Amino acid sequence: MTMRHFLTTADWSRTELQGLLDRAQAFKDGATSRALEGKAIALMFFNPSLRTRSSFDIGAYQLGGHAIVLDAKGATWPLEFADGAVMDGNEEEHVREAARVLSSFVDIIAIRCFPDFKDWKAEREDPMITAFAKHATVPVINMETIVHPCQELALMLALQAHLGDVAGKEFLLTWVPHPKPLNTAVANSALLIASKFGMNVRMLIPDEVYRLDERYMSAAQGFVEEAGASLTVTSDVEAAYAGADAVYAKSWGALPFFGQWEGEAPYRAKGKDFMITPEKMALTNNAVVSHCLPMRRNVKIADAVVDSPAFLGIEEAGNRLHVQKAVMEALAQQDQAS
């Protein structure tokens, strides 16, 4: 049996993902499991975390396991991931050794590692977690790199709870303002999961420079075609909101300016009025609205929307515990089956 990782939902079928969602709903309804009894998971954080760290740690405990949290930006040795690297710089240890040693201690390794915002051509290959998956002898989970698959599942669990079968429903992924450029991971993931589950996806951006990486645009196009749905990209605010069933907010930086953000300023200015407001939501089909959190109120989404019954951000965040338990259980059972 080939060992599977959970690096991106693109590697898992819709049927498999629905199975994880159904199991997550069971956990949410009170089901219990001891799938990690006597097992351990290493949670490696190269970047800050609130929801991810707490939900994985607690989820492992509820499954009977032990989580060891590693601050990989300060409390562990700096890591090199490139094959053939001459390690005469700051990096003290190679992933080749780190991944294999950790694999001898724990049963699952989870990684959170954002891009360095230097070179998208290199960073789009997701080099750190890819290296861990290559050299680890236990399953690896993506806790957010250039995609955020656990957030995808948490979002879809919330959407299914409120919309039922989401196939054919109108999903708006809207760019929203932020004082600085951010990772595209959650935007990539929202695009992937909505399209994979057959929603008609609209992406609202202030300018074409905010199109996401072609890897995800092409994948989403393939998913909607397979489902008989559609994918549209627009800068027309009213048309994007009109009749939407779900609105998802995310800020992200323009990839043509990756690592050289000064030139992005005039394009970012085009989206200064893209904050989600009650007036925009009034154009929708009584849509639900969400955000992955953390979220800047009255910059990304107006207070009146965040504090309305339509906002699913807290529910989506809470779902992280349940979907991650489903993922950890599935990977642990995979190990038992082999």
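Look a little higher up for the structure.
Please read these numbers as outputs of a predicted model, since none were measured by experiment. (Residues numbered from 1 in each chain as written. Predicted model: local features only at pLDDT ≥ 70, side-chain atom pairs only at ≥ 80, totals over all residues. Heavy atoms only, no water.)

Help me understand the sheet that holds strand S10 (residues 246-250), please; the structure alone is not making it clear to me.
The sheet built from five strands is open, its strands ordered S9-S8-S7-S10-S11 with parallel pairing. Of all the strands in the sheet, just strand S9 (231-234) and strand S11 (288-291) have a single pairing partner and so form its edges. Between one strand axis and the next, the sheet turns through 20 degrees on average, direction left out of account. As defined by bridge partners, S10 adjoins S11 across four bridges and the pair is classed as parallel. (Pairing = 2+ DSSP bridges. Helix = DSSP H or I, 4+ residues; strand = E, 2+ residues; numbered from the N terminus. Axes fitted to C-alpha atoms, helices over the stretch in contact; angles between N-to-C directions.)

Can you help me understand the pairing of S9 in this one?
Within a regular strand, side chains alternate between the sheet's two faces. As paired strands, strand S8 (residues 200-204) and S9 are joined by four bridges and run parallel to one another. Note on S9: the bridge partner recorded for Arg202 is Thr232.

Honestly, unusual backbone geometry in this entry has me stumped. Any pointers?
Going from Leu293 to Pro294, the amide bond is cis rather than trans, its omega being 0 degrees. Positive phi outside glycine occurs at Asn298, with the angle close to 60 degrees. Of note, Asn298 is situated in the loop between S11 and helix H12 (303-306). In this structure Asn298 comes out as partly exposed when scored by relative accessible area, which is 41%. (Buried < 20%, exposed > 50% of the residue type's maximum accessible area, 1.4 Å probe, protein only.)

Any chance you could explain the nonpolar core here in plain terms?
The nonpolar side chains of a soluble globular protein tend to be buried, and buried together. Judged by nonpolar contacts, the single largest core of 93 residues is most densely connected at Phe6, Ile41, Ile141, Leu159, Phe171 and Ile276. Among the elements that make up this core, the one with the highest residue count is helix H6 (residues 149-163) (nine residues). Those residues within four positions of Leu159 in sequence are excluded, and the remaining contacts are Gly164, Val166, Phe171, Met199, Ala246 and Val288. (Core = buried A, V, L, I, M, F, W, Y, C linked by side-chain atoms within 4.5 Å. Contact = heavy atoms within 4.5 Å.)

Help me out: how do you make sense of H6 in this one?
Note that an α-helix has 3.6 residues per turn; residues three or four places apart therefore point the same way. An ideal rise of 1.5 Å per residue puts 21 Å on 15 residues; H6 measures up with 21 Å between its terminal C-alpha atoms. The buried count for H6 comes to 12 of 15 residues, which makes it a mostly enclosed element. Within H6 the residues assigned to the buried category are Pro149, Cys150, Gln151, Glu152, Leu153, Ala154, Leu155, Met156, Leu157, Ala158, Leu159 and Leu163. Positive phi shows up at Gly164, right after H6, with a value of about 75 degrees. (Expected span 1.5 Å × (residues − 1).)

When you look at helix H3 (residues 95-105) in this model, what are you seeing that I'm missing?
Looking at H3, one finds that the buried residues are Val95, Ala98, Ala99, Leu102 and Ser103. Each buried residue of H3 sits inside an arc of 130 degrees when the element is viewed along its axis, so together they form one side. Those residues of H3 that are buried are in contact with strand S1 (40-45), strand S2 (66-71), strand S3 (79-80), strand S4 (93-94), strand S5 (108-112) and helix H5 (127-135). (Arc of directions from axis to C-beta.)

How should I be thinking about the packing of aromatic side chains in this particular structure?
The geometry of an aromatic ring pair is captured by the separation of the ring centres together with the interplanar angle, meaning the angle of the planes. Under the defined criterion, the tally for this structure stands at nine aromatic pairs. Summarising the aromatic geometry, the rings of Trp120 and Phe258 are spaced 5.2 Å apart at their centres and angled 55 degrees between planes, so their arrangement reads as tilted. With Trp120 in helix H4 (residues 120-123) and Phe258 in the loop between S10 and helix H10 (265-269), the pair connects residues that are 138 residues apart, well separated along the chain. In this structure, Trp120 and Phe258 share a single accessibility class: buried. Chaining the aromatic ring pairs together yields one cluster made of Phe117, Trp120, Phe258 and Trp261. One Lys or Arg, Arg23, reaches over the ring of Phe27 and ends 4.4 Å from the middle of that ring. (Phe/Tyr/Trp six-rings, centres within 6.5 Å; stacked < 30°, edge-to-face > 60°. Lys NZ or Arg CZ within 6 Å of the ring centre and 35° of its normal.)

Would you mind going over the sheet that holds S2 with me for this structure?
The pairing of strands in a sheet comes from backbone hydrogen bonds and takes either a parallel or an antiparallel form. Spatial strand order, S2-S1-S5-S6: four strands in an open sheet with parallel pairing. Edge positions in the sheet fall to S2 and strand S6 (140-142), since each of these pairs with one other strand and no more. Taken over all neighbouring pairs, the strand axes of this sheet differ in orientation by 20 degrees on average, direction set aside. Inspection of the sheet shows S5 paired to S6 by three bridges, in the parallel sense. Within S6, the residue paired with Ala110 across the bridge is Ile141. Sitting on the sheet, H3 is in contact with S1, S2 and S5, with an inclination near 135 degrees to S5.

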